[in-house]
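# Working through the structure, step by step
One-letter residues, chain by chain:
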Amino acid sequence: MDLVSNFAGILLGGLSAGTVLFIVSVGLSVTMGLMGFVNLAHGAFAMFGGYVIVLAMNRAHVGFGLALALGFLATAALSVVLERLLYRRLYRANELDQVLFTIGLIFIFMAATILVVGPESQTLQLPPALGGQLNLGFIQYRTYSIFLIVVGFLIALGIWLAFERTRIGAQIRATVDNRRMAESLGINVDRLFTITFAFGSGMAGLGGGLGAEFLGLDPQYALKYLVYFLIAVSVGGLGSVLGVYYASLLLGVLDFVFKLYLPKGGTIFIYALTILLLLWRPQGLFGRKET
Amino acid sequence: MSAAPVPAKPAAAGPWLDQPAARALMRRHRLRWWEALPWLAAIGFYFAFPDYLGFGSELLIAILFALSLDLALGYAGIITLGHAAFFGTGAYTVGLLAFHGIWTEPITSLILAALAAAVVGLASGLVLLRTRGLTLLMLTICTMALLEQAANMARDITGGFDGLPSLPIAPVFGVFEFSPLYANTQFLYSLAVLLLCFAFVRTLVYSPFGQSLTGIRENILRMHAVGSPVRRRLVICYAISAALAGVAGGLWAQTNAYVNLSVLDLDRAATVLIVLILGGYGRLYGAFVGAVVYLALAHFLARFYPTAWQLGLGVLLVLIALFARNGILGLGETLLRRYTARRAAP
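Residues numbered from 1 in each chain as written. Chains lettered and ligands numbered in written order. Predicted model: local features only at pLDDT ≥ 70, side-chain atom pairs only at ≥ 80, totals over all residues.

## A short note on the overall build of chain B
When helices and strands are tallied, chain B shows 15 helices and 0 strands. Relative to the globule expectation of 20 Å for 346 residues, the C-alpha radius of gyration of chain B, 22 Å, shows essentially globular dimensions. In terms of its C-alpha atoms, chain B occupies a principal-axis envelope of roughly 90 × 45 × 45 Å. Expressed as a percentage of its 346 residues, the buried residues of chain B come to 45%. At a minimum sequence separation of 6, the contacts of chain B that also span at least 24 residues come to 78%. (Helix = DSSP H or I, 4+ residues; strand = E, 2+ residues; numbered from the N terminus. Rg over C-alpha atoms; globule rule 2.2 N^0.38 Å. Buried ≥ 20, exposed ≤ 12 C-beta atoms within 10 Å, placed from the backbone. Contact = placed C-beta atoms within 7 Å.)

This is the structure in structure tokens:
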């Protein structure tokens with residue numbers, strides 16, 4: 001009994017962390033798959049959304065649900081402005097310039113956060129309904145973790161359905177597969193990308209808020225978790241929603257297990273596994289092979 | 001025959017020697033007068049700012065590290081965000097040898113650091129360089145993170161997070177001591193190592209090997225088509241670049257007399273990338289310009305206005321990515337060309 005509940009506890013903890021990773025990374029995966037743009041500043045969008053959500057709750061005393069919506073919308077709006085003004089000038093530039101540009105954006109976000117809000121880390125006050133423990137029959141577990149896992153599953157399902165069943169989803173899949181062909185069939189890739197970019201950044205903002213409770217939220221956030229977002233995306237495969245979902249959950253659970261049993265430097269296995277996996281399948285688990 | 005008389009040519013040299021293109025190509029790798037300037041400036045710095053020699057040796061090491069990255073990234077076009085892996089390997093090689101009292105002689109230590117880093121570069125290059133783009137970027141980051149975590153875990157040997165303090169480094173040639181108060185030896189020693197490494201890199205990039213690297217960067221398909229051993233060239237270049245980064249790391253450990261995990265972290269890898277791109281990659285002297293500008297700004301601004309420095313650096317990077325793709329040197333070249341074009345025009 002003890003073993004079972006121990007195991008379930010690890011699994012739930014890992015899954016909830018992985019869910020947050022998925023919500024943040026899914027936009028990065030799709031936009032990278034669409035445009036091949038190396039957007040290291042994606043974590044900065046997550047940080048921005050997280051700050052909007054936490055500050056709305058702590059300072060303006062907005063409800064949790066409304067704050068989440070606000071965070072999503074604010075991040076999406078900001079990303080559209082940045083995309084229209086700056087990002088689109090670099091679509092045809094080489095990866096190096098894209099890396100440099102997005103590292104620059106990270107620094108600007110970090111400094112702006114310190115200047116506007118301050119260097120101290122922010123804490124998210126959960127609403128009482130999500131704060132307690134939930135009895136699942138075989139285990140007592142934190143309500144918020146269960147909530148995250150369910151929400152993440154619904155989001156993954158929703159995005160997957162949108163990808164498979166809607167017109168715009170079909171257009172995105174077509175563009176990821178073969179951009180030139182999609183363009184010559186009359187798909188407006190430019191507009192498509194702006195929409196996906198806004199949605200993906202909004203999701204990142206949402207994830208930043210949802211994860212603030214256990215990932216913390218401070219001006220270093222944009223850099224601190226960047227490697228994890230990138231691992232989720234590259235292991236899952238560019239442009240694949242299911243791939244990022246599975247990769248994030250796997251990463252979350254593994255990270256949880258290693259940190260629990262090997263508190264000193266357990267992350268070494270995460271990096272080793274990532275290297276092995278990428279050597280075995282350079283395109284990621286669910287990515288299309290380059291032709 | 002009524003053909004116009006053909007001007008006589010020296011038979012041995014061949015007719016192609018008169019072509020302006022041939023002459024320009026032959027002159028390409030000659031030493032120019034201005035190439036002495038950085039070294040004169042370094043010697044001038046030594047006499048003018050005796051209180052800043054510690055900062056000066058830090059600057060020289062940053063130049064060497066950026067130069068090593070230039071070889072892989074600027075010349076061969078290998079996009080990496082994990083170059084600190086080799087800097088750290090070199091630093092830990094020197095650090096471990098000195099701390100555990102195995103070997104403290106500085107010059108041979110540097111050679112060992114270069115060898116250790118070259119081995120890591122060769123081994124990782126053999127497997128990583130099969131990939132491209134984002135996958136390659138991720139693999140370089142993960143390799144570096146792997147080494148960092150390994151150094152963190154092997155606490156008993158590497159000192160873990162705290163690192164190895166107060167390394168005993170023997171005097172250079174048994175005469176010139178590394179003094180923690182006066183960095184004269186550190187500065188001149190770093191300068192000599194940089195000069196040697198620079199001469200090596202300069203010779204290398206103008207050799208046929210270096211030319212083929214540029215070819216791989218510009219058009220990998222064509223290099224495959226003409227039968228160039230692309231993968232082998234890339235791996236060798238990566239290993240050489242790693243060895244030079246290892247020398248830089250070893251120098252860093254010797255001049256600072258300590259090693260810690262910061263030699264292996266993403267921050268260092270990102271900084272050297274910024275330094276190189278700021279100066280201009282693929283042009284030898286970009287590393288010099290980038291390191292001087294970046295470190296001077298970082299040293300004096302970051303201490304007093306850390307947040308403003310971060311903001312300014314961010315804006316600078318964005319502007320460079322948008323408008324000055326080839327860094328400061330590239331910008332200077334463009335301006336110079338425009339100026340001479342305007343003067344040439346009537």
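## Here's the deal with the overall build of chain A
Within chain A, the regular secondary structure consists of 13 helices and 2 strands. The globule rule puts the C-alpha radius of gyration for 291 residues at 19 Å, and the 19 Å found for chain A is close to it. Seen through its principal axes, chain A has C-alpha atoms that stretch 60 × 45 × 40 Å. Taking all 291 residues of chain A together, the buried fraction comes to 52%. Taking as baseline every contact in chain A between residues at least 6 positions apart, the subset at least 24 positions apart corresponds to 76%.

## Considering helix 3 (residues 64-85) of chain A
All names here are of chain A. When the terminal C-alpha atoms of helix 3 are compared, their 32 Å separation across 22 residues agrees well with the 32 Å that a helix rising 1.5 Å per residue should span. Inspection of helix 3 places Ala-67, Leu-68, Leu-70, Gly-71, Phe-72, Thr-75, Ala-76, Leu-78 and Ser-79 among the buried residues, and these make up the whole buried set. Next to the buried residues of helix 3 lie helix 2 (42-58) and helix 9 (189-215). (Expected span 1.5 Å × (residues − 1).)

## Examining the nonpolar core
Counting residues in hydrophobic clusters, the biggest one holds 197 residues, and the most contacted among them are Ile-106 of chain A together with Ile-63, Leu-64, Ala-66 and Val-247 of chain B. Sorting elements by how many residues they give to this core places helix 11 (residues 230-256) of chain B first, with 15 residues. Apart from the residues within four sequence positions on either side, Ala-66 of chain B is in contact with Val-272, Val-275, Leu-276, Ala-287, Gly-290 and Ala-291 of chain B. (Core = buried A, V, L, I, M, F, W, Y, C linked by C-beta atoms within 7 Å.)

## A short note on the environment of Thr-274 of chain A
By the element assignment, Thr-274 of chain A lies in helix 13 (residues 267-280). When the C-alpha atoms of Thr-274 of chain A and Gly-18 of chain A are compared, they prove to be 15 Å apart, with 256 residues separating the residues in sequence. Beyond its immediate sequence surroundings of up to four residues, Thr-274 of chain A is in contact with Ile-231 and Val-235 of chain A together with Cys-142 of chain B.

## Let's talk about the interface of chain B and chain A
Where interface size is given, it is often the accessible area lost as the parts come together that is meant. On the side of chain A, 36 residues touch chain B, which itself brings 33 residues to the contact. Those elements giving two or more residues to the side of chain B that touches chain A turn out to be helix 6 (133-153), helix 12 (266-279) and helix 14 (306-323) of chain B. Broken down by element, the residue count for the side of chain B that touches chain A peaks at 15 residues, all from helix 6 of chain B. Grouping the constituent residues of the side of chain B that touches chain A by class yields 23 nonpolar, 9 polar and 1 charged. (Nonpolar A, V, L, I, M, F, W, Y, C, P; charged D, E, K, R; others polar.)

## A few points about the packing of helix 4 (residues 84-99) of chain B against helix 11 of chain B
Residue and element names in this part refer to chain B. Where helix 4 meets helix 11, the axes come as close as 6 Å, and the angle between the chain directions of the two elements is 45 degrees. Viewed along their axes, helix 4 and helix 11 adopt a mutual orientation that is oblique. Crossing handedness for the pair helix 4 and helix 11: right-handed. Facing Phe-86, Phe-87, Gly-88, Thr-89, Gly-90, Ala-91, Thr-93, Val-94 and Gly-95 of helix 4, the residues of helix 11 in contact are Ala-242, Ala-245, Gly-246, Val-247, Ala-248, Gly-249, Gly-250, Trp-252, Ala-253 and Gln-254. (Axes fitted to C-alpha atoms, helices over the stretch in contact; angles between N-to-C directions. Parallel < 35°, antiparallel > 145°, perpendicular 65-115°, else oblique. Left-handed = near helix turned anticlockwise from the far one by under 90°.)

## Some thoughts on unusual backbone geometry
Leaving glycine aside, a negative phi is the common case for residues, and trans is the common case for peptide bonds. In this model, His-61 of chain A sits at a positive phi of 55 degrees, which is unusual for a non-glycine residue. With respect to the helices and strands, the residue His-61 of chain A is situated in the loop between helix 2 and helix 3. In this structure His-61 of chain A comes out as exposed when scored by C-beta crowding, with 8 C-beta atoms within 10 Å. One non-glycine residue, Leu-284 of chain B, lies in positive phi territory at about 60 degrees. Inspection of the secondary structure assignment puts Leu-284 of chain B in the loop between helix 12 and helix 13 (286-304).

## Structural notes on the environment of Leu-284 of chain B
For Leu-284 of chain B, a count of 21 C-beta atoms within 10 Å translates into the label buried. Residues contacting Leu-284 of chain B, with those up to four places away along its chain left out, are Arg-202 and Val-205 of chain B.

## Description of the environment of Ser-212 of chain B
Residue and element names in this part refer to chain B. Note that Ser-212 resides in helix 9 (residues 208-218). On the basis of neighbour counts, which here come to 19 C-beta atoms within 10 Å, the residue Ser-212 falls in the partly exposed class. Distance in space between the C-alpha atoms of Ser-212 and Ala-170 is 41 Å, their sequence separation being 42 residues. Residues contacting Ser-212, with those up to four places away along its chain left out, are Met-223, Ser-228 and Arg-233.

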